[in-house]
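Structural description and commentary
One-letter residues, chain by chain:
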There are 2 protein chains.
Amino acid sequence: MLEHSVQTPPIAQQSPLAVGDARASAAGSVAAGSSLAVSTVIFALRPDDESGLKTLWLPLVRRTRDPHRDLWALPGGWLPADEELAAAAARTLRETTELSPRYLEQLYTFGDIDRSPGLRVVSVVYWALVRSEVAERASVGENVRWFAADQLPPLAFDHNRIVEYALWRLRTKVEYARIAHAFLGDTFTLAQLREVHEAVLQKALDPANFRRSMESSGTLISTDQHVAGARHRPARLYRYDGRASEHDPPGPTL
Amino acid sequence: MLEHSVQTPPIAQQSPLAVGDARASAAGSVAAGSSLAVSTVIFALRPDDESGLKTLWLPLVRRTRDPHRDLWALPGGWLPADEELAAAAARTLRETTELSPRYLEQLYTFGDIDRSPGLRVVSVVYWALVRSEVAERASVGENVRWFAADQLPPLAFDHNRIVEYALWRLRTKVEYARIAHAFLGDTFTLAQLREVHEAVLQKALDPANFRRSMESSGTLISTDQHVAGARHRPARLYRYDGRASEHDPPGPTL
DNA sequence: CCATCATATAGTCAAACTGACTCAAACACC
DNA sequence: GGTGTTTGAGTCAGTTTGACTATATGATGG
């Protein structure tokens with residue numbers, strides 16, 4: 001287990017801003033003068049209209065004021081002084097989708113001077129995963145809409161870049177971390193779990209090899225339940241082993 | 001190259017604040033009211049006084065005002081409205097150590113409500129690597145001192161936690177990313193590079209296997225120079241292949 | 001000049017891991 | 001009861017990895 005191997009993580013860059021439905025907007029001046037916002041990239045799996053295969057989708061909100069009025073943007077808002085960062089991310093998620101995140105993690109802090117016209121805004125961006133079935137019936141309104149993650153229109157600020165980075169992170173992380181189950185219910189079949197991996201990685205995986213690697217990962221608990229109904233051998237239901245990963249560092253997840 | 005394998009990256013948590021020698025300190029109120037600071041965890045390799053082996057060291061600054069007056073803290077300060085985040089990190093690094101970073105990357109943004117008494121402060125924290133030889137003659141004054149990374153005193157705010165997280169990140173990243181050379185000069189022997197890895201990972205590595213893995217990584221360019229003088233076979237000098245990693249996502253490094 | 005020392009560098013070997021693939025099991029459906 | 005489809009077990013070869021052996025080469029000291 002030495003040095004170099006496969007992938008090299010990212011080193012993103014500052015950039016956008018995030019104000020879905022920001023509230024107060026007076027350009028207050030801090031110690032040295034910057035505004036702090038929190039935004040969230042929310043991923044869910046949905047069947048593509050055409051292929052029927054599941055793909056990644058995310059909700060965006062329409063901006064109702066300048067700058068970038070009428071453009072779509074990531075859900076977010078100014079950080080209240082009395083709210084934790086992750087809590088603010090979870091709240092904006094809930095406000096736009098009426099969902100609770102199954103997984104929520106800080107992505108990156110974007111702070112380029114020029115990413116927002118006029119006011120300097122620093123955005124702490126989180127990324128979240130929500131369950132597919134729940135996302136199906138998630139609220140959609142005039143100013144909230146779900147988009148296929150790889151077919152986004154030009155977004156406000158540099159939110160396109162943020163989503164790109166979040167996608168990169170999701171795709172690289174799903175290969176070594178146990179996060180795929182965040183798209184599923186408490187119990188699931190290996191086929192369902194594999195479907196998640198295939199949707200995220202955008203490539204087919206060998207069922208037998210996938211099974212082998214998941215079983216050897218030690219993160220699955222097999223139940224004695226099976227799903228019947230399909231015209232083939234019933235699949236066993238599994239549950240995720242919630243015990244903390246031995247490799248995590250400092251903090252918890254949420 | 002499927003799913004689960006070795007390590008699971010972190011999910012740090014909010015926490016500290018960072019004001020080495022902060023400047024203005026009026027508790028200005030932003031859009032919703034938080035102060036934004038930038039801090040940097042600066043790593044260098046230094047020979048341990050006793051063992052002579054190289055270990056990780058980092059510079060801290062003594063706080064000259066409340067809160068936590070006289071405690072040691074990470075270099076940092078308030079974010080000027082007209083300065084990029086990474087630039088602010090590099091500047092505080094330069095101001096405290098008179099060095100330029102060979103490697104600089106955003107670590108995490110800490111923003112727990114209670115991590116600073118009184119004022120809510122959100123700190124964007126960077127981590128940096130500097131060359132060992134240069135760090136040797138780095139400035140040290142009454143209010144700046146280098147500490148062994150694994151023997152820190154209680155620091156201001158939750159800077160202890162930040163350093164722990166930065167250490168975790170350095171140790172996991174050195175195994176898959178090409179960052180070890182940031183501790184070295186432009187050319188180096190494989191023994192020197194291995195020494196860096198050993199110091200960071202705190203374990204001995206097999207010279208032959210290390211060589212094999214580095215050579216197969218494709219990131220080393222062998223020069224035709226050798227270092228003579230030692231009482232053994234001369235070691236070849238190598239240079240790092242600066243071409244961008246094919247696996248990086250969105251942004252550059254700095 | 002030669003023996004010795006210490007590390008550089010090359011090569012070997014077996015266990016572990018991976019991707020591709022085969023095959024029996026088991027249920028729905030006709 | 002036969003057919004179709006996916007589950008779940010197992011095989012096999014190629015690759016990777018850790019442990020280890022062996023040779024190369026210059027400095028040093030007699």
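Residues numbered from 1 in each chain as written. Chains lettered and ligands numbered in written order. Predicted model: local features only at pLDDT ≥ 70, side-chain atom pairs only at ≥ 80, totals over all residues. Heavy atoms only, no water.

- With an unreviewed UniProt entry as reference, chain A is termed ADP-ribose pyrophosphatase YjhB, NUDIX family, source organism Cryobacterium levicorallinum.

1. Regarding the overall build of chain A
- Counting its regular elements, chain A contains five helices and ten strands.
- Scored against the burial criterion, the 254 residues of chain A give a buried share of 56%.
- In chain A, the share of contacts with a sequence separation of at least 24, taken over all contacts with a separation of at least 6, comes to 66%.
- As presented, chain A carries roughly 11,000 Å² of accessible surface, and 48% of it is formed by carbon and sulfur atoms. (Helix = DSSP H or I, 4+ residues; strand = E, 2+ residues; numbered from the N terminus. Buried < 20%, exposed > 50% of the residue type's maximum accessible area, 1.4 Å probe, protein only. Contact = heavy atoms within 4.5 Å. Areas by Shrake-Rupley, 256 points an atom, 1.4 Å probe, with all protein chains shown as cover.)

2. Quick notes on the side chain of arginine 178 of chain B
All names here are of chain B.
- Tracing the backbone shows arginine 178 in the loop between helix H3 (159-173) and strand E8 (187-189).
- Accessibility expressed as a relative area gives 17% for arginine 178, which makes it buried.
- Within the structure, the side chain of arginine 178 is placed 3.2 Å from the backbone oxygen of aspartate 241, a separation counted as a polar contact. (Polar contact = N/O pair within 3.5 Å; in protein donor to acceptor, adjacent residues only side chain to side chain.)

3. Quick notes on the packing of helix H4 (residues 190-201) of chain A against helix H5 (residues 207-217) of chain A
All names here are of chain A.
- Interhelical geometry of H4 versus H5 gives an angle of 100° and a closest axis separation of 10 Å. In this view, H4 runs roughly perpendicular relative to H5, as classed from their interaxial angle. Only Pro207, Phe210, Arg211 and Met214 of H5 make contact with H4, whose side of the interface consists of Leu190, Leu193, Arg194 and His197.
- The residue inventory of the contact of H4 with H5, partitioned by class, reads five nonpolar, one polar and two charged. (Axes fitted to C-alpha atoms, helices over the stretch in contact; angles between N-to-C directions. Parallel < 35°, antiparallel > 145°, perpendicular 65-115°, else oblique. Nonpolar A, V, L, I, M, F, W, Y, C, P; charged D, E, K, R; others polar.)

4. Some words on the domain arrangement of chain A
Residue and element names in this part refer to chain A.
- When its domains are assigned, chain A resolves into domain 1 (10-173) and domain 2 (177-245).
- Taken together, the contact pairs 17 residues of domain 1 with 14 residues of domain 2.
- Of the roughly 1,400 Å² buried between domain 1 and domain 2, counting both surfaces, carbon and sulfur atoms make up 62%.
- The tally of links between domain 1 and domain 2 comes to one salt bridge.
- Close ionic contact of aspartate 186 with arginine 102 constitutes a salt bridge, the shortest N to O distance being 3.9 Å.
- Counting across the domain 1 and domain 2 interface gives four residue pairs in polar contact (both at pLDDT 80 or more).
- Elements represented by at least two residues in the side of domain 1 that touches domain 2 include exactly strand E1 (35-47), strand E2 (54-62), strand E6 (121-129), helix H2 (132-136) and helix H3 (159-173).
- For the side of domain 1 that touches domain 2, a count of residues per class yields nine nonpolar, one polar and seven charged. (Domains from an automatic or database assignment. Buried area = accessible area lost by both parts, 1.4 Å probe. Salt bridge = Lys/Arg side-chain N within 4 Å of Asp/Glu carboxyl O.)

5. Focus on the environment of leucine 237 of chain A
- Position of leucine 237 of chain A relative to the elements: it lies in strand E10 (residues 235-240).
- Residue leucine 237 of chain A is classed as buried on the basis of its relative accessible area of 9%.

6. A word on the sheet that holds strand E9 (residues 220-227) of chain B
Residues and elements named next belong to chain B.
- If you walk across this open sheet you meet the three strands as E8-E10-E9, and the pairing is antiparallel. Whereas interior strands pair on both sides, the edge strands pair on one side only; in this sheet they are E8 and E9. Averaged over all neighbouring strand pairs, the angle between strand axes comes to 40°, with direction disregarded.
- Summarising the sheet, E8 and strand E10 (residues 235-240) pair through three bridges and their orientation is antiparallel. Bridge assignment links threonine 187 to a residue of E10, and that residue is arginine 239.
- In the packing of helix H4 (residues 190-201) onto the sheet, contacts are made with E8, E9 and E10, and the angle to E8 comes to roughly 85°. (Pairing = 2+ DSSP bridges.)

7. Here we look at the nonpolar core
- Core analysis: the largest hydrophobic core is formed by 134 residues, its most contacted members being Phe43 and Leu193 of chain A together with Phe43 of chain B.
- Not counting chain neighbours up to four residues away, the residues in contact with leucine 193 of chain A comprise Ala180, His181, Leu184, Phe188, Phe210, Met214, Leu220 and Tyr240 of chain A. (Core = buried A, V, L, I, M, F, W, Y, C linked by side-chain atoms within 4.5 Å.)

8. A short note on the sheet that holds strand E8 (residues 187-189) of chain A
All names here are of chain A.
- Spatial strand order, E8-E10-E9: three strands in an open sheet with antiparallel pairing. In this open sheet, the two strands that pair with only one neighbour each are E8 and strand E9 (220-227). Direction aside, the axes of adjacent strands within the sheet are offset by 40° on average.

9. So, H3 of chain A
Residue and element names in this part refer to chain A.
- The end-to-end C-alpha separation of H3 is 21 Å, in line with the 21 Å expected for 15 residues at 1.5 Å each.
- Taken across its 15 residues, H3 has eleven buried, putting it largely inside the fold.
- Among all positions in H3, only His159, Ile162, Val163, Tyr165, Ala166, Leu167, Trp168, Arg169, Leu170, Thr172 and Lys173 are buried.
- Next to the buried residues of H3 lie E1, E2, strand E3 (72-73), strand E5 (103-110), E6 and H4. (Expected span 1.5 Å × (residues − 1).)

10. Points about the packing of aromatic side chains
- Scanning the entire structure with this criterion turns up twelve aromatic pairs over all chains.
- A centroid spacing of 6.3 Å and a plane angle of 20° characterise the contact between tyrosine 165 of chain A and tryptophan 168 of chain A, whose relative ring orientation is stacked. Here tryptophan 168 of chain A and tyrosine 165 of chain A lie together in helix H3, a separation of three residues that amounts to about one turn. Judged on exposure class, the residue tyrosine 165 of chain A and its partner tryptophan 168 of chain A are both buried.
- Ring centres of phenylalanine 188 of chain B and tyrosine 240 of chain B lie 5.6 Å apart, and the angle between their planes is 45°; on these two criteria the pair is classed as tilted. Residue phenylalanine 188 of chain B is found in strand E8, and its partner tyrosine 240 of chain B is found in strand E10; the two are separated by 52 residues along the sequence.
- A relative accessible area of 11% places tyrosine 240 of chain B in the buried class. (Phe/Tyr/Trp six-rings, centres within 6.5 Å; stacked < 30°, edge-to-face > 60°.)

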